[in-house]
Number of protein chains: 4
Amino acid sequence: MAGTKLIDDVFPWPEGKRTAVCFSFDVDAESLLHLGFRDEADNKVVTRSEMRYDAHVAVPRLLAIFRNHDIRQTFFVPGWCLEAYPEMVKAILDDGHEIAHHGYVHEMGNKLTPENERYWFERGTKAVEKATGRKPAGFRAPSYGFSRHTLELMIEHGMIYDASMMGHDVPYILKHPRGEIVELPSQRALDDWTHFVLSRDYNWLISMQTPENGFAIYRAEFDAAWRHGGVWIAVWHPFVTGRLSRAEAMDALIDHMKSQGGVWFAPMDEIARHATAARKDGRWKPYIDPMPYNAGVLPELAERM
Amino acid sequence: MAGTKLIDDVFPWPEGKRTAVCFSFDVDAESLLHLGFRDEADNKVVTRSEMRYDAHVAVPRLLAIFRNHDIRQTFFVPGWCLEAYPEMVKAILDDGHEIAHHGYVHEMGNKLTPENERYWFERGTKAVEKATGRKPAGFRAPSYGFSRHTLELMIEHGMIYDASMMGHDVPYILKHPRGEIVELPSQRALDDWTHFVLSRDYNWLISMQTPENGFAIYRAEFDAAWRHGGVWIAVWHPFVTGRLSRAEAMDALIDHMKSQGGVWFAPMDEIARHATAARKDGRWKPYIDPMPYNAGVLPELAERM
Amino acid sequence: MAGTKLIDDVFPWPEGKRTAVCFSFDVDAESLLHLGFRDEADNKVVTRSEMRYDAHVAVPRLLAIFRNHDIRQTFFVPGWCLEAYPEMVKAILDDGHEIAHHGYVHEMGNKLTPENERYWFERGTKAVEKATGRKPAGFRAPSYGFSRHTLELMIEHGMIYDASMMGHDVPYILKHPRGEIVELPSQRALDDWTHFVLSRDYNWLISMQTPENGFAIYRAEFDAAWRHGGVWIAVWHPFVTGRLSRAEAMDALIDHMKSQGGVWFAPMDEIARHATAARKDGRWKPYIDPMPYNAGVLPELAERM
Amino acid sequence: MAGTKLIDDVFPWPEGKRTAVCFSFDVDAESLLHLGFRDEADNKVVTRSEMRYDAHVAVPRLLAIFRNHDIRQTFFVPGWCLEAYPEMVKAILDDGHEIAHHGYVHEMGNKLTPENERYWFERGTKAVEKATGRKPAGFRAPSYGFSRHTLELMIEHGMIYDASMMGHDVPYILKHPRGEIVELPSQRALDDWTHFVLSRDYNWLISMQTPENGFAIYRAEFDAAWRHGGVWIAVWHPFVTGRLSRAEAMDALIDHMKSQGGVWFAPMDEIARHATAARKDGRWKPYIDPMPYNAGVLPELAERM
């Protein structure tokens, strides 16, 4: 009979809560264009207008929704965007949201040399520090380009959480010989590029969902997380989910979540701090993923294939 | 609670109206084939028949729908198509619709040298003038290929609006050192290639929506625009939306829009003229996007990546 | 108000009928593999099993459905398949269905030299003649690869209809200096590859529809054709639509069509003969598409692009 | 009238049963990454975390569902994964499920030389034997890469069934000059990559279904199999179907199947043994597919194309 218990690694949510929700937004604006089309970013004017919508239209709209629902959340913003859009940054901070690390120009660490990965990672760190007055507490790898060196960089810079992985449905630990941090995982089904983006520029040709169907996917994952004690973390983008019809659907989804009760809406740094404390006092026995994974070609393959 | 106000940059719609709707159609016919397959356009006979449907079947059908609903709208037609299909042009004009600029053979300006972009842009302008008796009031960049030079060309030729961008949900201003024009924006979700085209010739392999689901996307954006005061501009193509089942769905969508009340159905030149007047007399404080955007590689990237 | 009349070029359906329906199936079996993977067709065993399902499982199932509904339809079968599956051919013919021309190994005429196109076209013609005892009355270009020479070949071989084009919603005429034939058109939305095929071998990666949604598209087009007097011609494939869940949906769709009344289920040669007679006695004033289309690069493009 | 009988080749299901169901899972974990990105598998950390979810989160969850419903099923596990995840293997075996052959590192046999195919096939065989204490009874070709030599290898190693083909809706026989085995077929619509995977790493860019729509496809095929006596075999993957919302949908699908009655839930080796016995005592007259298929280029093609 349906109703099988689906999560064993129970996470100690705060008193009265059974799940945490974070509508985390990656505010990439034109960084994707600058990175992907170095010499043409100024000549792809339509796509650029679509990306600038992030800063000028969508973020203010999302802030209004969060204010209306009285919740604070997390924005991952590449350093270049922090510098290019200071008014947007101010509006985010004024409302009490977290700004976290998302690279400098949305570069993928695992496509760079270790030296360059470090260079850009630190440039992004400094940009967050300059914009917000403090070092970023967490990081999401742009385009999921987390390299075998990224975790060490994060630990070295005192970060307490990562928001890039897909290894569990509850928070867990990324463990490195030099330290550990909390992983606040998501998955492809909670990324809005999966459902609502179509772009020839980015070779992203997939069918677009109706707001109803796309949000049915989000809601199904939320309902299951709520029933089983998982964490629900959106990987959304203002220019995608901030469009009128989807912003309305998001507004309604928050209503649905609240009506269920027991949902902890919080910025990711707060969730990570809660997890860190629970780990210290022994209330949390997390799943631990040791890194880096083995390096190089599998010996079995090297032999023969 | 849902119901967050989603648009701040209120546009001064005419008395009694809360949104404007324009079913603008890009009548590309075979121009896409001639451009993309110079030497094979005569040998891709099936696709050609599909594109010729634009002129012979779909446009007359759309005109019938517009007549039935007593509305006038805008057709963007490449110059070559104007010359190839004079009877179609006559039928469009006889019904009082606007014909606007859509290149000469659907060329993308941002893939041409500035000299060639100018050449073809002006050839398209002249074709509209010859076909309609007046210079085009507006332009939509074929395949969204608006270049860093296009705006200046438009201003130089006295145009008053562009219909290519995706930078807002209400009309706004594209500002250039040499002048400005009104932007009447749309977005990917309102382009019918996003939902209903599948074509190996154009490397456009995506799943096709049911008429019900595709139109649910259009309707969701319309309903939100209606509630919040946005503009709703379709980027449709006769050979796509003019197919029987979708033409019926469009017929029904117009009914729905009318039943809501307060919808201004108008050709884009009328909307642009209204906006221009409102800007002059100070009723409209638009969002302004300055162009051209910065040129060349970001200095930050040039240094290190 | 919805209800706009959508078809002007009325076709003189037989007494009491308002639309014609043909579930035409392209029985490609392994021909696609042999053509596309000359040296590997015997090494792609799984895909081959999927294609052999055409002949061994799906065609007998479709014949059972047609028998149950007492209708006769058209099968387009490449010559190689006719030779490889004589029992399947016998079963199709025993039930009174039409077998028509679909190339020899599913070759696309517009990718061959004119000499080779002729060679394979005639080899396919002979295969049909040998298998059925008469020359094929009609042709559907494999993979829509109709070339600028194909029409002339068809006329030369005495064919009376083509079933490859997408130029109208009612039958029309393809006119060539050497003669003319009836076009019985279809469109992408009525091709089952559009909705139900996913194949890495054929670089055909699109999302698969539920039977309900895929058939909602077919039904929407049928309902519109029924209301407006169009023709409804499926471009289906046994290994796709012959799967259990879709075969059930097809069974139910036929029920729906019959329940509407006034539907003429007929093989395409009968529809073409009816059209030819109506054209001769003046009852039918068809839309006429003159071919071949202009050859070579547009002079306008040759000048400057 | 709908209700046509769709399967002629009736299979002798056990007393009281009308269909067999096997939720067979391919537990690929990181093998796909090691194979596809030899030198980068340690640097694609996010995708790796997504794949490790297979072993750490999803398989335990699926086992819980199967325990709750008291059914035993089949897991196809590459040899490398068996060696890398011994605890997962123990948990699968402790619950009485079958572990079958799925290559060593998910290699596609038809992309290897015959010598290398044999080498890896035998390495996979030994890994199963070592992990489970007995030789594998069946095989599913990774990525459907069954070669023209695979069947002979299976027969040589005493296997009794294959689970790679798509040639029928009921069990059938793959016949080779050196012997034969039972085929337990599936199809693309029952593979969860078809509906729920989106991955840039694997060039798998398709739209993701809602759990409701994806499972509607599975259910439609099940309902049809139940009505007509087919076999229903899922080709699922823990990291895909083991996500919370889909695991709930699977839980509910099993309820639906049970509520219909007459469903035989069984590991594939039991189904194959039943089939073998029925063939021996003459109760089963199967469809027989002779292999290998013809080798090399079709002579017709070699001549002229």
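As the structure is a prediction and not an experimental result, all values here were calculated from the model. (Residues numbered from 1 in each chain as written. Chains lettered and ligands numbered in written order. Predicted model: local features only at pLDDT ≥ 70, side-chain atom pairs only at ≥ 80, totals over all residues. Heavy atoms only, no water.)

### Here's the deal with the overall build of chain A
Each helix and strand counted, chain A has 12 helices and 10 strands in total. The C-alpha extent of chain A, read off along each of the three principal axes, is 55 × 55 × 45 Å. In chain A, which comprises 305 residues, the proportion classed as buried is 69%. For chain A, restricting intrachain contacts to residue pairs at least 6 apart in sequence, the fraction spanning at least 24 positions comes to 71%. Put simply, chain A shows about 10,000 Å² of open surface, and 50% of that area lies on carbon and sulfur atoms. Distance between charge centres in chain A, computed from 35 positive and 43 negative side chains, equals 2 Å. (Helix = DSSP H or I, 4+ residues; strand = E, 2+ residues; numbered from the N terminus. Buried < 20%, exposed > 50% of the residue type's maximum accessible area, 1.4 Å probe, protein only. Contact = heavy atoms within 4.5 Å. Areas by Shrake-Rupley, 256 points an atom, 1.4 Å probe, with all protein chains shown as cover. Lys, Arg positive; Asp, Glu negative; His and termini not counted. Charge placed at Lys NZ, Arg CZ, Asp CG, Glu CD.)

### Structural notes on the relation of the copies chain C and chain B
Of the transformation superimposing chain C on chain B, the axial component is 0.0 Å and the angular component is 90 degrees, with the fit at an RMSD of 0.0 Å. Here the copies are linked by what is in effect a four-fold axis. An overlap of only 9% is found between the interface residues of chain C and their copies at the interface of chain B, pointing to separate contact surfaces. (Least-squares fit on C-alpha atoms with pLDDT ≥ 70 in both.)

### Quick word on the relation of the copies chain A and chain B
Turning chain A through 90 degrees and shifting it by 0.0 Å along the axis lays it on chain B, with an RMSD of 0.0 Å. Different-surface contact between copies: only 10% of interface residues of chain A are shared with the interface of chain B.

### A look at the pairing of strand 6 (residues 172-176) of chain B
Residue and element names in this part refer to chain B. Of all the 5 residues making up strand 6, 4 are buried; the element is thus mostly covered by neighbouring parts of the structure. The pairing of strand 6 with strand 7 (residues 179-183) spans 5 bridges and is classified as antiparallel. The partner of isoleucine 173 across the bridge, within strand 7, is valine 182. Two successive antiparallel strands, strand 6 and strand 7, enclose a turn made up of 2 residues. (Pairing = 2+ DSSP bridges.)

### Examining the interface of chain A and chain B
Contacts between the two partners involve 52 residues from chain A, matched on the other side by 57 residues from chain B. With both sides pooled, the region where chain A packs onto chain B buries about 4,800 Å², and carbon together with sulfur makes up 55% of that total. A per-residue breakdown of the area chain A buries against chain B is headed by Arg38, Val46 and Leu244 of chain A, which together make up 14% of the total. In this structure, the connection of chain A to chain B is made through 6 salt bridges. One salt bridge connects arginine 227 of chain B with glutamate 248 of chain A, and the closest N-O pair in it is separated by 2.7 Å. Our count for the contact surface shared by chain A and chain B stands at 27 residue pairs in polar contact (both at pLDDT 80 or more). If you tally residues by element for the side of chain A that touches chain B, the top one is helix 2 (residues 45-69) of chain A, at 15 residues. Class assignment of the residues belonging to the side of chain A that touches chain B gives a composition of 21 nonpolar, 13 polar and 18 charged. (Buried area = accessible area lost by both parts, 1.4 Å probe. Salt bridge = Lys/Arg side-chain N within 4 Å of Asp/Glu carboxyl O. Polar contact = N/O pair within 3.5 Å; in protein donor to acceptor, adjacent residues only side chain to side chain. Nonpolar A, V, L, I, M, F, W, Y, C, P; charged D, E, K, R; others polar.)

### Some points on empty space enclosed by the protein
Volume-wise, the largest cavity comes out at about 220 Å³. By residue class, the composition of the lining of the largest cavity is 4 nonpolar, 16 polar and no charged. The volume enclosed by the second largest cavity comes to roughly 140 Å³. Lining the second largest cavity are 16 residues, with Glu50, Phe196, Val197 and Phe239 of chain A together with Arg188 of chain B positioned closest to its centre. Among the elements of the structure, helix 2, helix 7 (193-196) and helix 9 (238-241) of chain A are those that each provide at least two residues to the lining of the second largest cavity. Of the residues in the lining of the second largest cavity, the class split is 10 nonpolar, 2 polar and 4 charged. (1 Å grid on protein atoms, 1.4 Å probe; cavity = no way out; pocket = protein on both sides within 12 Å on 5 of 7 lines; lining within 4 Å. Points joined across faces, edges and corners; volume = space filled by probe spheres on them.)

### What to know about the packing of helix 2 (residues 45-69) of chain B against helix 10 (residues 244-260) of chain B
All names here are of chain B. Across the interface, helix 2 lies against helix 10 with an axial gap of 11 Å and an inter-helix angle of 25 degrees. It follows from the interaxial angle that helix 2 and helix 10 lie roughly parallel. You can see that helix 2 and helix 10 cross each other, and the crossing is right-handed. Along its contact with helix 2, which presents Tyr53, Arg61, Leu62, Ile65, Phe66, Asn68 and His69, the element helix 10 presents Leu244, Ala247, Met250, Asp251, Ile254, Asp255 and Lys258. When the residues that make up the contact of helix 2 with helix 10 are grouped by side-chain class, the tally is 8 nonpolar, 2 polar and 4 charged. (Axes fitted to C-alpha atoms, helices over the stretch in contact; angles between N-to-C directions. Parallel < 35°, antiparallel > 145°, perpendicular 65-115°, else oblique. Left-handed = near helix turned anticlockwise from the far one by under 90°.)

### Structural notes on the interface of chain C and chain B
In this assembly, 57 residues from chain C lie in contact with 52 residues from chain B. Approximately 4,900 Å² of surface area, both sides summed, lies buried where chain C meets chain B, with 55% of it carried by carbon and sulfur atoms. The tally of links between chain C and chain B comes to 6 salt bridges. At the surface where chain C touches chain B, the tally comes to 27 residue pairs in polar contact (both at pLDDT 80 or more). Sorting the residues of the side of chain C that touches chain B by element identifies helix 7 (193-196), helix 8 (211-228), strand 10 (288-290) and helix 12 (299-304) of chain C as the ones contributing at least two each. Within the side of chain C that touches chain B, the residues separate by chemical class into 29 nonpolar, 18 polar and 10 charged.

### Structural notes on unusual backbone geometry
Here methionine 291 of chain B and proline 292 of chain B are connected by a cis peptide whose omega angle stands at -5 degrees. Locating proline 292 of chain B in the fold gives a position in the loop between strand 10 (288-290) and helix 12 (299-304). In this structure, serine 143 of chain A is a non-glycine residue whose phi angle is positive, near 50 degrees. Along the chain, serine 143 of chain A falls in the loop between strand 4 (138-139) and helix 6 (150-156). Given the relative accessible area of 37%, serine 143 of chain A is considered partly exposed.

### Some remarks on the packing of aromatic side chains
The tally for this structure, following the rule as stated, stands at 95 aromatic pairs over all chains. Their ring planes at 85 degrees and their centres at 5.4 Å tell us that tryptophan 193 of chain B and tryptophan 204 of chain B sit as a pair that is edge-to-face. Of this pair, tryptophan 193 of chain B sits in helix 7 (residues 193-196) while tryptophan 204 of chain B sits in the loop between helix 7 and helix 8 (211-228), and the two are 11 residues apart along the sequence. Arranged with centres 4.7 Å apart and planes meeting at 45 degrees, the rings of tyrosine 218 of chain B and tryptophan 236 of chain B form a pair that is tilted. Residue tyrosine 218 of chain B is found in helix 8, and its partner tryptophan 236 of chain B is found in strand 8 (residues 231-236); the two are separated by 18 residues along the sequence. Neither residue differs from the other here; tyrosine 218 of chain B and tryptophan 236 of chain B are each classed as buried. One aromatic cluster in this structure is built from Phe23, Phe25, Phe66, Phe75, Phe196, Phe215, Tyr218, Trp232 and Trp236 of chain A. Here arginine 304 of chain B stacks its cationic end above the ring of tyrosine 119 of chain A, 4.2 Å away from the centre of that ring. (Phe/Tyr/Trp six-rings, centres within 6.5 Å; stacked < 30°, edge-to-face > 60°. Lys NZ or Arg CZ within 6 Å of the ring centre and 35° of its normal.)

### Overview of the confidence of the model for chain A
Across chain A, the average pLDDT comes to 96, with 100% of residues at or above 70. Interface predicted TM-score (ipTM) for the complex: 0.97; the corresponding pTM is 0.97. (pLDDT = per-residue confidence, 0-100.)

### Let's talk about helix 10 (residues 244-260) of chain C
Residues and elements named next belong to chain C. If you check helix 10, its first and last C-alpha atoms are 25 Å apart, about what 17 residues at 1.5 Å a residue would give, namely 24 Å. Considered for burial, the residues of helix 10 that qualify are Leu244, Ser245, Arg246, Ala247, Glu248, Ala249, Met250, Asp251, Leu253, Ile254 and Met257. Count one or two residues on from helix 10 and you reach glycine 261, which has phi positive near 80 degrees. (Expected span 1.5 Å × (residues − 1).)

### Description of the side chain of arginine 246 of chain C
Looking at the element boundaries, arginine 246 of chain C is found in helix 10. One buried charged residue, arginine 246 of chain C, remains without a salt bridge, the closest side chain of opposite sign being glutamate 221 of chain D at 5.5 Å. Those residues in contact with arginine 246 of chain C that lie beyond four places of it in its chain are Phe196, Met208, Phe215, Val240 and Thr241 of chain C together with Ala189 and Glu221 of chain D.

### Concerning the state of the cysteines
The full count for this structure, using the stated rule, is 0 disulfides over all chains. We note that cysteine 22 of chain C lacks a disulfide partner, and the nearest cysteine sulfur, in cysteine 81 of chain C, lies 18 Å from it. (Disulfide = S-S within 2.5 Å.)

### Overview of the pattern of salt bridges
All names here are of chain B. A complete count under the given rule lists 85 salt bridges over all chains for this structure. Glutamate 30 serves as the salt-bridge partner of arginine 52, at 3.1 Å between the closest nitrogen and oxygen. Residue arginine 52 is located in helix 2, and its partner glutamate 30 is located in the loop between strand 1 (19-26) and helix 1 (31-36); the two are separated by 22 residues in the primary sequence. With relative accessibility at 12%, the residue arginine 52 sits in the buried group.

### A look at the environment of histidine 106 of chain A
Residue and element names in this part refer to chain A. Along the polypeptide, histidine 106 turns up in the loop between strand 3 (98-101) and helix 5 (114-132). With 53 residues separating them in the primary sequence, histidine 106 and tyrosine 53 have C-alpha atoms 17 Å apart. At a separation of 3.3 Å, a polar atom in the side chain of histidine 106 contacts the side chain of aspartate 28. Here histidine 102 takes part through its side chain, which lies 3.3 Å from a polar atom of the side chain of histidine 106.

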